[in-house]
Amino acid sequence: MLDIQLLRTDLEQIIHKLASRNYQFPVERFNQLEHDRKKIQTHTEALQAKRNAASKCIGQAKSKGEDASEILAEIASLGDALKTSENHLEQIQSELQAILYEVPNLPHDSVPEGNGEEDNQEIRRWGEIPEFNFAIMDHVSLGENLNMLDFETAAKLSGARFSLMKDNLARLHRALAQFMLDTHVQENGYTETYVPYLVNRNSLQGTGQLPKFEADLFAVTAGNNKTNPSEHHEHFYLIPTAEVPITNIVRDEIIPFKALPLKFVAHTPCFRSEAGSYGRDTRGLIRQHQFDKVELVHIVHPDESYAALEELVGNAEKILQKLKLPYRVMALCTGDMGFSAAKTYDIEVWLPAQKTYREISSCSNCEAFQARRMQVRFRNGNGKPVLLHTLNGSGLAIGRTLVAVLENFQNADGSVSIPEVLQPYMNGLDRLRTAGGK
RNA sequence: GGAGAGAUGGCCGAGUGGUCGAAGGCGCUCCCCUGCUAAGGGAGUAUAGGCACAAAACGCUUAUCGAGGGUUCGAAUCCCUCUCUCUCCGCCA
């Protein structure tokens, strides 16, 4: 959420910046509402002040045993006018609020301008792209040949965009998560967390998924009220990323200055409806309704957030370096960034079968955009509450990392070498082989 | 699932219709006092908005006592719904 003061004082500039990320700010409507708001709010508050003063007088009169009927008569007509005015004001403010909740963050000045993916800027590359002297397979063929990856059965259990892993591949998947968590906790200074996978609306509103992106989420209701979920009964949403529960840890908190920066990590499944992505990445593990991810979140002083972003990307890169997987870091352009981000780096890993780099991590500085929605603050030198900055990034998406390991470390015989750093998590195993070849 | 008790400021805790944004205490900040320390005395100490202003401070004003709604001239206090916490019973990984 943007600071409404900014919209009031510097609207032109903001409209321009939002346009760079393909967002048309509803200027006319906003100006109209603001104009009305000012008028109605002043009027409403004047009436309220009058009522409050009169009520106070009545109280005083009664406590002295005097007759208050004169004052009562005086404000008798006030009630209806006040009610009308209050209702009108509320209607205007909720419409303003709705606009505000749907406006994306402003891009940082260092973000390259552009319309879409093709305008993203490569920052650096790491690692050697492997060369194969045999016909390579993609991860689906590799996994199915190993008899460790089974999409047909997953479809029986749940449907499209689900997966079933077995045997050492399932274990390798677990090993990746453990390895990532351990690295971030032991070497990168993160606090490990275990968080809920079902969250309420407020949490999703805090990080920016709601109200705008409801269609991307899975919602669940308790069995006994699914036919008629009362508006009062909360229902839950499956988290689309651990960013939601982790970042909301600090919602409505004033963080002691000394505690900053906060750095949290969690390993969770993520659930996404993938509405609107029909036909994209239909094969394999790349795009699933359910996938695991290790997520990193920083809560930092506003002056530190861009340094923190570099640190965060570096922490995620370290995982790929340890796994010896080639990657590149991209600065997303204005048109390709997510809703809450002021600046985003994507890390893309090399996938030999696709002969391309694919996103495996997205690291964003949201500045105060989420903190404002969540009221996450610290006290400055004057003791005044000031919004903090929030950052989040994948460190890394586990399913996609598994894909990268399979494809990059495949051998001519269809086996897959296990990266050294993962072998301790695999009871020393150095290769995935078909069961028959064991 | 059943029975009951609760939710008040940074924390504890009083407050069952009126001068209550809220007693008292703790904590914190500043000042005074005493060689230092301890003790003591005094003052201050919620948040988010709006108006006005070039802007800040000040000022005026509104809202907020778990959340939402209602009754009332007036609600922390009464009524309804929801959420959460605690105790006991039942069930359960």
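Here the structure is a predicted model, which means the values were calculated and not measured. (Residues numbered from 1 in each chain as written. Chains lettered and ligands numbered in written order. Predicted model: local features only at pLDDT ≥ 70, side-chain atom pairs only at ≥ 80, totals over all residues. Heavy atoms only, no water.)

J.: What is the right way to look at the overall build of chain A in this model?
T.: Looking only at helices and strands, one finds 13 helices and 16 strands in chain A. Projecting the C-alpha coordinates of chain A onto the three principal axes gives extents of approximately 100 × 50 × 45 Å. Considering chain A as a whole, with its 438 residues, one finds that 49% of them fall into the buried category. Considering only contacts within chain A whose residues lie at least 6 apart along the sequence, 73% involve residues at least 24 apart. Put simply, chain A shows about 21,700 Å² of open surface, and 47% of that area lies on carbon and sulfur atoms. (Helix = DSSP H or I, 4+ residues; strand = E, 2+ residues; numbered from the N terminus. Buried < 20%, exposed > 50% of the residue type's maximum accessible area, 1.4 Å probe, protein only. Contact = heavy atoms within 4.5 Å. Areas by Shrake-Rupley, 256 points an atom, 1.4 Å probe, with all protein chains shown as cover.)

J.: Can you help me understand the pairing of strand β10 (residues 343–351) in this one?
T.: Strand residues, when the strand is regular, have side chains that alternate between the two faces of the sheet. Among the nine residues that make up β10, nine are buried, leaving the element largely enclosed by the rest of the structure. Side chains of β10 alternate between two faces, with Lys343, Tyr345, Ile347, Val349 and Leu351 and Thr344, Asp346, Glu348 and Trp350 buried alike. In terms of strand pairing, strand β9 (residues 327–331) meets β10 through five bridges, oriented antiparallel. Residue pairing in the sheet places Tyr327 in a bridge with Val349 of β10. Pairing analysis gives nine bridges linking β10 to strand β11 (residues 356–365), with the strands arranged antiparallel. Within β11, the position partnered with Val349 by the bridge is Arg358. In sequence, β10 turns back onto β11 through a hairpin of four residues, with Lys355 there showing a positive phi of about 50°. (Pairing = 2+ DSSP bridges.)

J.: Please clarify how the sheet that holds strand β5 (residues 236–238) should be interpreted in this entry.
T.: Within a sheet, neighbouring strands are paired by backbone hydrogen bonds and run either parallel or antiparallel to one another. An order of β3-β5-β4 is seen for the three strands of this open sheet, with the pairing classed as antiparallel. Two strands lie at the open edges of the sheet, namely β3 (198–199) and β4 (219–220), each paired on one side alone. Pairing of β4 with β5, which is carried by two bridges, proceeds in the antiparallel orientation. By the bridge assignment for β5, Val220 is matched with Phe236.

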